[in-house]
Amino acid sequence: MEVGQMQRRLVDYTKTLFMEGFLDAQFLQLQQLQDESNPDFVVEVVSLFFDDSEKLLNDLSMALDQPNVDFKKVDAHVHQLKGSSSSIGAQRVKNACIAFRNFCEEQNIDATLRCLQQVKHEYYLVKNKLETLLRLEQQIVAAGGSIPATEMGF
């Protein structure tokens, strides 16, 4: 595939991620922070998000698996996941965390367990989507092309 085709594919794929609500404008701001002096900025931030999220999801699973659930602890983990999701623009994960936190306030174990599954589902979806996006970018750069700027006008 030639570079121009790859760039169009990347632009189309990125637009789809925004239109389907996986990403929001915060991701564009993240991309704008990347430049020649720090060409791997987005990859590094997204990788940290993946690492932190995996740990938090594991911590949440363990916390909700206790005989006496500490909802303050669960809420703290969800709050942290919501913040990191928001900071990279993972909109659907962030929104799932908002619902999760509401059930933590109610100390509703059944609802929090359902929310955990929803958060995990949204997280693994966005992780897959972001990995594909970053892979497309790497292919363009490897082929000698540049990453086209993403615009919100779609």
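Residues numbered from 1 in each chain as written. Predicted model: local features only at pLDDT ≥ 70, side-chain atom pairs only at ≥ 80, totals over all residues. Heavy atoms only, no water.

The protein chain carries the name Histidine-containing phosphotransfer protein in an unreviewed UniProt entry, which gives Hibiscus sabdariffa as its organism. The record in UniProt for the protein chain states the following under Function (unreviewed entry): "Functions as a two-component phosphorelay mediators between cytokinin sensor histidine kinases and response regulators (B-type ARRs). Plays an important role in propagating cytokinin signal transduction." (UniProt positions renumbered as here; feature names shortened; annotations may be inferred.)

Visitor: Requested: an account of unusual backbone geometry, with residues and values cited.
Guide: Look at Q107: it is not a glycine, yet its phi comes out positive at around 55 degrees. Following the sequence through the fold, Q107 ends up in the loop between α5 (91-106) and α6 (109-142). (Helix = DSSP H or I, 4+ residues; strand = E, 2+ residues; numbered from the N terminus.)

Visitor: I'd love a proper account of the UniProt feature "modified residue: Phosphohistidine" (unreviewed entry) in the protein chain, names of residues and values included.
Guide: On the UniProt side, "modified residue: Phosphohistidine" (unreviewed entry) is annotated at positions that read H79 here. Mapped onto the fold, H79 is located in helix α4 (residues 71-88). Take H79: its relative accessible area is 43%, and that puts it in the partly exposed class. (Buried < 20%, exposed > 50% of the residue type's maximum accessible area, 1.4 Å probe, protein only.)

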